[in-house]
Amino acid sequence: MIMNQRNDYHASKITGKLFYSLGFLSMLICFGTQAVFANPENNPDEVTNTIFQVTVSGTVRDSFGTPLPGANVLVQGTTTGTQTDFDGNYTINADSGATLVFSYLGFVTQTIPVDGRSTIDVTMAEDSQALDEVVVTGYTTETKRETTAAVSIVKAEELAAIPSGNVEQQLQGRVAGVTVLTNGQPGTTSQIRIRGFNALGGNAPLYVVDGVPVENTDFLNPDDIETTTVLKDAAAASIYGARAANGVVVYTTKQGSRNKKTEITLNVNSGITDPNVAGSPRMLNPQDMATWTHIAYENNAAANGTPVQYSHPQYGNQPTPRFPDFLHANGANGVFEDDVNLAAIRAAYEADPENVFLIRPNLKGTNWYKEITRPAPIFRATLGINGGNERGRFYFGFSGQEQDGIVLSQQFKRYAARFNSEWDITPWLAVGQNFQATYRSARAIFGGNGGVDVADDESEVLSAYRMPTIIPVFDEFGSYASTRAAGFNNPRNPVRRLVKNQGNDETYGIGGFGNVYLNLKPVEGLLIRSSLGGAYNNGHFVNYDFRYLGDSEPEASNAFQEGSSYNFQWVFTNSATYEKLFGKHKIKLFGGIEALNTGRGRFINGRGINPFSTSLDFQNLNVVQSPTVNSGQFKGVNFFSVFGKLDYNWDEKYYVTGVLRRDGSSRFGANSRYGTFPALSGAWRVIAEPFMQDQNFFSDLKIRGGWGEMGNSNNVAPDNQYSLYASDLGNTFYPIDGQNSGANQGFAQSRIGNPDAKWETSTTTNIGFDASFWDNHLEIILDWWQKETEDLLFQVPLAGVTGNFAAAPAVNVASMENKGVDFQVITRGNFTEDLSFEFTFNNSFLTNEITSLAPGIDFINGPGYRGINPIRNSVGNPISSFFGYKVIGYFNSQAEVDSSPPQDGKGLGRFRYEDVNGDGAITPDDRTFLGSAVPDYTGGATLLFRYKNLEFETYWYASLGNEIFNMSKWFTDFFGTFEGSAKGEVAKRSWTPELGNSAAAPIWESASNISTSGAENSWYVEDGSFLRLQRLAFAYSFDPNLLDSWGLSRFKIGISANNLWTITNYSGLDPVVAGPDTNFGIDVGNFPVTPQYLVSLELGL
Amino acid sequence: MMALLIVSVSCSDEFLEVTPTGSLSDASVSTKDGIEALLIGTYAAVNGVFGNRFEGPNHWATGSIMGGEANKGTDAGDYTSLNPIQRYETDPTNGDLNSLWRGRYEGVSRANKVLAALAAATDVPAADATRIEGEARTLRAHFYFDLKKHFNSIPYFDETVLAADIPSIPNSPDVWSQIEADFRWAYDNMPAVTSAGRVNKWAAAAYLAKAHLYQKEYAEAKTIFDDVIANGVTSNGLAYQLLDNYPQIYNAENDNHAESVFDVESANNTGNVQNANAFDDLNYPYNTGPDGPGNCCGFFQPSFELANSFRTSGGLPLLDGSYNDPANAVDNDFGLESDDPFTEDAGPLDPRIDWSIGRRGIPYLDWIEHPGKAWIRSQPYAGPYSPKKYIYYRSQENTFTDGSSWTRGYATMNYTIIRFADVLLMAAEAEIEAGSLEQARTYVNMVRARAANPDYWVKEYDDPNQNAANYDIAEYTAVDFGDKAKATEIVRFERKLELSGEGHRFFDLVRWGVAADVLNDYLDHEAQFLVTKFGGANFTAGKSEFYPIPQAQIDIQGSDVLTQNPGY
């Protein structure tokens, strides 16, 4: 009791303060109050009715006049109800004074008083883009009508349609302004960028699930998601302040509905992913490979002026290559039956099976891509139960997804159980919770950042293109065959690697995620909410690698590794919303305070080699040699934030919204820990003006504008402010006593601190309009936006002289600019009563430019790939720009070689570079910008046809103006790169005097220098634009009358095909190439997205 | 709820302090134990920091390949950034050189940190302080010496320079006096015995003399060499002497032997193969399977020129250069398949050839007889030979190697930065300049006499009494050392034979001022066989003697601070 009094005292004090500080607000309220009292409608006349029963009938149609079968008709306040029949007709008995409630999924519910009528025809308005659609912004909700900001909503069914392992993938093309780069690994993370690239790293958006900010959403089951809102500009996102600069994706999960009978739904998706073997790059078959090996020898001799030496260990030393009977026979290479004592080799094999190989050539040619891939099944089922009574609501979801990757051993599994509920304790107090328990395992996912960076690595997919086609998968003894056979350089049999080294690995995580909350409504219009959320994850992995001696560079040891980790994060949010209408003035005041930790935990893992037995049952860390253990702990980052928002509108015509948020983060030192981020936006609903009432052209028109600042701190290490010393096994340990085993601990400076780092700030301006024409038959939403990010935090490369082992501090120096236009066009209509269509077209135009780096630093180079350095992030260019020599052709004659400017390694048929700086010599200074991975345009188009109960949907996605640096060509398109390994059919179009500049590759030869394979140049840079038929689907919904007789409320079946067709000039496997922010678009060995065929089933009970 | 809000606000400053994990603050390393650990961290930088094989202390690329003792090996398309380097076409954007620069300056920075912390610490006993200072200064001078001999013109700074001021220090060739001062301090103050893995007084002394030698200050060098040769002991207390058995210098089981003046320690079971000889992991024969060491990659193949240099006549090398004549050149299996018949060279050879070069038909340590082309990745590209020094034995697999990474090629034998034979041969140079040709001859003959012990020559596997080749080595007579010019030739040639593959040759050629002549001859000779690799290559006098200052560093510090070396 005493506590309460104290609280009240504080509360009134605070409230008072708030009022004085917001004088403007109190003025509005006073004004509003007067208006309320002046409104005569607040005293309606009493009406007396005589009550009698009537039978009401009618037809329910949509706005195009199409009958709606299966619409619900309910007598308000009773349980009396019916559904419309196949022609949209209904009949119901009701009191003459009753009110009928018409509802239908996807349409605005209507309540119509009977007023004694016996016929009531109803036209339902579409709800999907309707103005009263609720926009969930995380902390609060508002209607579409009220929104002053750039916000996009993704329909739940769009997210669920394609059962990817990670729901974020499905944002691709569904939202104007969102770029999604993904790959074909099941359960991979994707590169999601909302409105461009703001920083030199850490550009992922903030995800908020049921009010809990999370780093990724791979645990979510798309069937559990109710709403997805993408907050794009500052006006929308800045309520998330310091973490919102990259945009926010807000998910809410299904909640059930009050006063609704319990419904059970079952959604099943099942299908298969096809590896698209036919679409894989063409490699030389064994005969062609031999022929072109000899052509290379001839070219070498010609270039060097020496006699031709045919010196391949398999193809013989005559001009015409021959094929031996055995590529390898226990040490002998390129031998014939007569020279081989098979019995002796078999005996040797039996004595030492690991080390004796007998490999016949596969003269038909092994298609290694085909060997490492398979048609991969995918299955997802979700059982949902939702319902509610007058005091509460609930949703339970149980789901399982199992998906194999098209690449051997890749496997994704997720089982989830979700329990959401909300119950009233008293009329003014409700408690609720959302909780999900998840088991998730993703096996053999390659690439950093959860798989995003896979294209950057020399993966097993690349191995498939490096392994000669003449080598069979297995040798004569059934062992894996490989490059122990001489003459094929160093590729490793990727089938063996995938099956043996990945096939038994296990990686899984078990986690709990959710929140509990309290909603308090002490007085009308005031909602106080307190929410405590969090996530706990526990993971374990086991990794087996097996010794294998059949490669030219064998894997030396059996290795075993396992590890565990846990991670706990939490967020505590308290907020209050006050909403009131004073006549034509509506205000909504929101304030909140939040504290969170991004996750603390520990990890431990160990590894060792050569256990006595390689049995999976035997291996653990106790039975390996040289076991080493790594462990560590992390504490996460703490954030503390206070925020407020004021929405005001007058007569639903003029809207103003102001947002202010102040954030503190433990990433920054005490000097600059807090950042304050304001935003202001407004809208004018022109359609509500009197002068718009007498026209039929516009059915809605709203003009919006907003400005705001948002922060970002993703690209900063949590301990950036500290100068630290640390040990590193490889770099600071030393056997100081001269021992041959083990080393002594040493230290070195590991981090140079910057206590003055502060928030990055993005300033966004957004101007847009929402317009509908001809009774909503056409809708256009257009936003022009500009985003300038300043004080970009990045680790300015330190001069080598200062010692580069220590991590450089992130400092606020650089700036970046993104500009773009997002627009969405929706048009709908019907050709006949039965045939209607809906067309949705999302478009995003983007330009990105680094406007400054550190003082004195004009560029930062990206990493090298086999001596090729394709990336330069530089002022005046987009992030991840390609940089290198510009190929102007080949040297087509000796005269051309002799007369051209000096260029190292120049020669007939080699790359001829442009003398960009005109100094008469080709030097590194002639390298120039060759394109960028940032697309100019991305867009998605959905076309939906409905014919009676049949639905047809097709969805296309396009990306234009992005370049790809096709690094995989370095391996396959030069004879001299790992000479002997597999080469592409491009060999046949390599330079000859006849082909000249139309050749697809330089002359086929061994040499490697900057005029051949030794330098980054424009030959690797390809146009990555593409148009993809992402989805083609048919669905049939059974007639409600029929369903009634089956006791079902919904029954829909569908078939669909995804990623069916891609139009692109890109020569690699897949033009969607992700990667780290400052060096993406480099394709070393991407895992392609390939066609998928599905059947789906939706059942409601 | 409002109360809660207030409470949280007041707590928030504390809430937003999250201390780092797994690391230490400045204060915790500024104690005696901390400084000792920083010193160990400084030693750890000797074999490189950034995982680049160029950073290896043995300079297999920048010293040996560039010195003409070996070529890159392997094939044209592997590690392509080495292709221009071996052809003296290095450009400043080469990332390997940038790693070398950064790695050595990281070493400097660690040594400076030790010295700065030591100056501030109060709990270090005087004797320990002297030892620590001596070690740190010796290591710092070692890093600078390394930078000096690669890049010539370098920024120099010591522990008193503020971190913020370091990037504005210009590069200059005048850094010898500072390098000498550090070695001198350690020579004058350090104890003779420290521990096996550390440097000591005598390592500093030998290095100081070497610094003088590089500056042609022969008298200063000789004085110190005399002291080292007469009184020097290893850091674990063994009087310096040549081992009887030449290959035992390169055997992990014999690490920290009496010939090692300054060793880089190498070990397995440390949790990271960087502590084994990671810089050498590619430098093994190719495709050997379990019959040979490493798994990979066929790099660092000795040159024709080096092999031929081992030709002897009357037990002495052919100093007139005629060893490359077709009549004298060592018979090899270039152009032959492993199953083609091949007759091994029957002529007289210095026995050290078969401890230095893997060649067909000769037992390859305790593995198998080198099978020729089967162990060569691309014979037409890189020639017929395999590396053989610093190769581990079959019997040492997993006991003196670290098998925990992708190749077996992480050996744990120490690389010897300065060994006693090197000291003797450097002293011989100083003696010649001092006019004492006879003393020079004595030193050279000490080295040759050890190699001449037939007990330790390579023997056939099937007959321990049968030499693997026709070895013939003799000591020089006083007549051979009759004049200074010839004596100089002899000493220089002896360095080539004795120290081949140990990373000294290029720097020796440059300091002798003969690099352009010798290396252009070498290129001409090798290009007859390795056309793709060396055709048209040329050493440019006045340029190629030094490596370019890494462009990446000029980009960061500005061309007003770092001046590029001539010719780049």
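Cut-off values and rules
Residues numbered from 1 in each chain as written. Chains lettered and ligands numbered in written order. Predicted model: local features only at pLDDT ≥ 70, side-chain atom pairs only at ≥ 80, totals over all residues. Heavy atoms only, no water. Helix = DSSP H or I, 4+ residues; strand = E, 2+ residues; numbered from the N terminus. Rg over C-alpha atoms; globule rule 2.2 N^0.38 Å. Buried < 20%, exposed > 50% of the residue type's maximum accessible area, 1.4 Å probe, protein only. Contact = heavy atoms within 4.5 Å. Areas by Shrake-Rupley, 256 points an atom, 1.4 Å probe, with all protein chains shown as cover. Lys, Arg positive; Asp, Glu negative; His and termini not counted. Charge placed at Lys NZ, Arg CZ, Asp CG, Glu CD. Expected span 1.5 Å × (residues − 1). pLDDT = per-residue confidence, 0-100. Pairing = 2+ DSSP bridges. Disulfide = S-S within 2.5 Å. Salt bridge = Lys/Arg side-chain N within 4 Å of Asp/Glu carboxyl O. Polar contact = N/O pair within 3.5 Å; in protein donor to acceptor, adjacent residues only side chain to side chain. Nonpolar A, V, L, I, M, F, W, Y, C, P; charged D, E, K, R; others polar. Phe/Tyr/Trp six-rings, centres within 6.5 Å; stacked < 30°, edge-to-face > 60°. Lys NZ or Arg CZ within 6 Å of the ring centre and 35° of its normal. 1 Å grid on protein atoms, 1.4 Å probe; cavity = no way out; pocket = protein on both sides within 12 Å on 5 of 7 lines; lining within 4 Å. Points joined across faces, edges and corners; volume = space filled by probe spheres on them. Core = buried A, V, L, I, M, F, W, Y, C linked by side-chain atoms within 4.5 Å.

(A) Quick look at the overall build of chain B. Looking only at helices and strands, chain B has 20 helices and 10 strands in total. Compactness check: chain B gives a C-alpha radius of gyration of 25 Å against a globular reference of 24 Å for 568 residues, within 12% of the reference. Projecting the C-alpha coordinates of chain B onto the three principal axes gives extents of approximately 95 × 55 × 45 Å. Among the 568 residues that make up chain B, the fraction classed as buried is 65%. Within chain B, contacts between residues at least 6 apart in sequence are counted, and of these 72% link residues at least 24 apart. Carbon and sulfur atoms make up 51% of the accessible area of chain B, which totals about 17,200 Å². Across chain B, 43 positive and 80 negative side-chain charges occur, with their mean positions spaced 2 Å apart.

(B) Inspection of helix α15 (residues 437–451) of chain B at higher detail. Residue and element names in this part refer to chain B. Compared with an ideal rise of 1.5 Å per residue, which puts 15 residues at 21 Å, α15 spans 21 Å between its outermost C-alpha atoms and is within 8% of the ideal. The set of residues buried in α15 consists of Leu437, Ala440, Arg441, Tyr443, Val444, Asn445, Val447, Arg448, Arg450 and Ala451. Buried residues in α15 make contact with α10 (218–231), β5 (316–317), β8 (415–419), α14 (420–434) and α16 (484–498).

(C) Quick peek at the side chain of Thr288 of chain B. Residues and elements named next belong to chain B. Relative to the helices and strands, Thr288 is located in the loop between β2 (260–264) and β3 (299–302). Exposure remark for Thr288: the relative accessible area of 4% places this residue in the buried category. Those residues in contact with Thr288, other than ones at most four positions away along the chain, are Pro293, Gly294, Trp375 and Arg408.

(D) Quick look at the confidence of the model for chain A. Per-residue pLDDT for chain A averages 89, and the proportion of residues at 70 or more is 94%. In the predicted structure, residues 1–49 of chain A sits below a pLDDT of 50 and forms 25 contacts with residues beyond four places in sequence or in another chain.

(E) Geometry of the sheet that holds strand β18 (residues 326–329) of chain A. All names here are of chain A. Spatially, β19-β18-β20 is the arrangement adopted by the 3 strands of the open sheet, whose pairing is antiparallel. Taken across any chain shown, the strands that pair with only one partner, and hence form the sheet edges, are β19 (332–335) and β20 (358–359). Taken together, the 3 bridges between β18 and β19 define a ladder with antiparallel strand orientation. By the bridge assignment, Ala329 is partnered in β19 with Ala332.

(F) Looking closely at the state of the cysteines. Residue and element names in this part refer to chain B. Throughout the structure, instances matching the rule amount to 1 disulfide over all chains. The disulfide bridge from Cys296 ends at Cys297, spanning 1.3 Å between sulfur atoms. Handedness here is read from the sign of the S-S torsion; for Cys296 and Cys297, about 70°, the answer is right-handed. We classify Cys296 as buried; its relative accessible area is 0%.

(G) Fine view of the interface of chain B and chain A. The interface is formed by 98 residues belonging to chain B together with 101 residues belonging to chain A. For the pair chain B and chain A, the interface holds 2 salt bridges. Linking Arg673 of chain A and Glu17 of chain B is a salt bridge whose minimum nitrogen-to-oxygen distance equals 3.3 Å. Here chain B and chain A share 40 residue pairs in polar contact (both at pLDDT 80 or more) between them. Mapped onto the side of chain B that touches chain A, the elements with two or more residues apiece are α1 (2–15), α2 (26–29), α3 (32–44), α6 (95–120), β2, α19 (531–534) and α20 (551–557) of chain B. In terms of residues, the side of chain B that touches chain A owes the most to one element, α1 of chain B, which gives 10 residues. When grouped by side-chain class, the residues that make up the side of chain B that touches chain A number 41 nonpolar, 37 polar and 20 charged.

(H) Region of the structure containing the packing of aromatic side chains. Going through the model one piece at a time under the given rule, you end up with 93 aromatic pairs over all chains. Aromatic pair Trp650 of chain A and Tyr654 of chain A: ring centres 6.0 Å apart, planes at 15°, arrangement stacked. Looking at Tyr654 of chain A, the relative accessible area reads 35%, which means it is partly exposed. Seen in terms of ring centroids, Phe911 of chain A and Trp1019 of chain A are 5.5 Å apart; in terms of plane orientation they differ by 50°. Their pairing is tilted. Of the two residues, Phe911 of chain A is situated in strand β44 (residues 911–913) and Trp1019 of chain A in the loop between α11 (968–972) and β49 (1021–1023); the sequence distance between them amounts to 108 residues. Its relative accessible area of 10% is what places Trp1019 of chain A among the buried residues. Three or more aromatic residues link up through ring pairs in this structure, and these residues are Phe882, Tyr885, Tyr890, Phe911, Tyr913, Phe965, Phe974, Trp1019 and Tyr1020 of chain A. Over the ring of Phe50 of chain B we find Arg102 of chain B; its NZ or CZ atom is 4.0 Å from the centre of that ring.

(I) Looking closely at the pattern of salt bridges. Counted according to the given criterion, the structure contains 95 salt bridges over all chains. With a shortest N-O distance of 3.6 Å, Arg946 of chain A and Glu951 of chain A are connected by a salt bridge. A residue is classified by how much of its surface remains accessible, and Arg946 of chain A, at 31% relative accessible area, is partly exposed. A salt bridge links Glu133 of chain B to Arg137 of chain B, with the shortest nitrogen-to-oxygen separation between them at 3.1 Å. Here Glu133 of chain B and its partner Arg137 of chain B are both found in helix α7 (residues 126–151), 4 residues apart, which amounts to about one turn of the helix.

(J) A look at empty space enclosed by the protein. Of the volumes computed, that of the largest cavity is approximately 340 Å³. Residue lining of the largest cavity: 26 residues in total, with Gln169, Asn183, Asn1059, Val1089 and Gln1092 of chain A positioned closest to the centre. For the lining of the largest cavity, the elements supplying multiple residues, two or more each, are β22 (392–404) and β50 (1026–1037) of chain A. Residues that form the lining of the largest cavity fall into these classes: 7 nonpolar, 17 polar and 2 charged. There is about 160 Å³ of room inside the second largest cavity. In terms of lining residues, the second largest cavity is bounded by 17 residues, among which Phe300, Pro387, Lys388, Lys389 and Gly501 of chain B are the most central. Each residue belonging to the lining of the second largest cavity can be placed in one class, and the counts come to 8 nonpolar, 5 polar and 4 charged.

(K) Spotlight on unusual backbone geometry. Residues and elements named next belong to chain A. The backbone of Ser626 sits at a positive phi, close to 45°, despite the residue not being glycine. Structurally, Ser626 is set in strand β29 (residues 625–634). One non-glycine residue, Arg866, lies in positive phi territory at about 50°. Topologically, Arg866 is positioned in the loop between β40 (859–861) and β41 (871–874). We classify Arg866 as partly exposed; its relative accessible area is 32%.

(L) Structural detail: the nonpolar core. Among the nonpolar cores identified, the biggest contains 173 residues, and Trp101, Tyr105, Tyr144, Val423 and Phe506 of chain B are the most heavily contacted of them. Among the elements that line this core, the one with the most residues is helix α9 (residues 201–214) of chain B, at 11 residues. Setting aside its immediate chain neighbours within four residues, Tyr105 of chain B contacts Gly800, Val801 and Gly803 of chain A together with Tyr144, Leu147, Ile154, Pro155 and Phe157 of chain B. Core analysis: the second largest hydrophobic core is formed by 55 residues, Phe794, Met816, Phe974 and Phe1026 of chain A among them.

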